[in-house]
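# Residue-level structure breakdown
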Amino acid sequence: MMNDPKQLLNEFMEGLQSFEDEAPEQTQAFMNLLGASYKDEALSNKTKELISVAIGAYNRCEYCIAFHVYKALEAGATKEEIYESAMVSVAFGGGPSMAYSVTLVKKSVEAFLPEFQS
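Okay, so let's go over this structure. (Residues numbered from 1 in each chain as written. Predicted model: local features only at pLDDT ≥ 70, side-chain atom pairs only at ≥ 80, totals over all residues. Heavy atoms only, no water.)

## Examining the overall build of the protein
Secondary structure summary: the protein contains 5 helices and 0 strands in total. Listed N to C, the secondary structure of the protein is α-α-α-α-α in terms of helices and strands. Relative to its length of 118 residues, the protein is compact, with a C-alpha radius of gyration of 14 Å against a globular reference of 13 Å. Its C-alpha atoms put the protein at 35 × 35 × 35 Å along the principal axes. Here the protein displays about 6900 Å² of accessible surface, and carbon together with sulfur accounts for 57% of that area. Distance between charge centres in the protein, computed from 9 positive and 17 negative side chains, equals 8 Å. (Helix = DSSP H or I, 4+ residues; strand = E, 2+ residues; numbered from the N terminus. Rg over C-alpha atoms; globule rule 2.2 N^0.38 Å. Areas by Shrake-Rupley, 256 points an atom, 1.4 Å probe, with all protein chains shown as cover. Lys, Arg positive; Asp, Glu negative; His and termini not counted. Charge placed at Lys NZ, Arg CZ, Asp CG, Glu CD.)

## Side note on unusual backbone geometry
In this structure, arginine 60 is a non-glycine residue whose phi angle is positive, near 60°. Along the polypeptide, arginine 60 turns up in the loop between helix H3 (45–59) and helix H4 (62–74).

## So, the nonpolar core
For soluble globular proteins, the rule of thumb is that nonpolar side chains tend to be buried together. Counting 22 residues, the largest nonpolar core has Val53, Val69, Ile82, Val105 and Phe112 as its most contacted members. When residues of this core are traced back to their parent elements, those giving at least two are helix H1 (5–22), H3, H4 and helix H5 (79–116). In terms of residue count, the dominant contributor to this core is H5 (9 residues). Not counting residues within four places of it along the chain, the set of residues in contact with phenylalanine 112 comprises Pro5, Lys6, Leu9, Ala66, Val69, Tyr70 and Leu73. (Core = buried A, V, L, I, M, F, W, Y, C linked by side-chain atoms within 4.5 Å. Buried < 20%, exposed > 50% of the residue type's maximum accessible area, 1.4 Å probe, protein only. Contact = heavy atoms within 4.5 Å.)

## Structural notes on the pattern of salt bridges
Scanning all chains against the criterion turns up 3 salt bridges. For lysine 71, the salt bridge goes to glutamate 74, with nearest N and O atoms at 2.7 Å. With lysine 71 and glutamate 74 both in helix H4 and 3 residues apart, the pair spans about one turn of that helix. Of the residues examined, lysine 71 reaches a relative accessible area of 26% and is grouped as partly exposed. For glutamate 74, a relative accessible area of 42% gives the class partly exposed. The salt bridge involving lysine 106 is made with glutamate 110; its shortest N-O contact spans 2.4 Å. Remark: glutamate 110 and lysine 106 occur in helix H5; sequence separation between them is 4 residues, near one turn of the helix. (Salt bridge = Lys/Arg side-chain N within 4 Å of Asp/Glu carboxyl O.)

## Regarding the packing of aromatic side chains
Applying the stated criterion across every chain yields a total of 3 aromatic pairs. Taking the centre distance of 5.2 Å and the plane angle of 85° together, the rings of tyrosine 70 and phenylalanine 112 count as edge-to-face. Of this pair, tyrosine 70 sits in helix H4 while phenylalanine 112 sits in helix H5, and the two are 42 residues apart along the sequence. Judged by centre distance (5.2 Å) and plane angle (70°), the ring pair of tyrosine 70 and phenylalanine 116 falls under edge-to-face. Pair noted here: tyrosine 70 is in helix H4 and phenylalanine 116 is in helix H5, with a separation of 46 residues, a long-range link. Among the aromatic residues, those joined into a ring-pair cluster are Tyr70, Phe112 and Phe116. (Phe/Tyr/Trp six-rings, centres within 6.5 Å; stacked < 30°, edge-to-face > 60°.)

What follows is the structure in structure tokens.
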């Protein structure tokens, strides 16, 4: 596990950009799906990002955790909402989800939260 949320986020974003040069149609299709899926509709973008934090922790996807913690904070989620969402993943994923929740989710909140505080 890398453990540096900012490095994970930067690597993911740089990877997306460079991969778009190699497979532009598929990458753009993925980005369009994300854009459509995260619009405020019956569920708010913030709620969808909190769901994504839980799914990232459940699946043990380091890049997903860092990205969606950042996006949840950007959407106005609080630290408490993010932690509670991560704990929902523990109900389904047990120990492995707990391990990612108490380490990388927590580190991601600590790394990114100052950018969103006034």
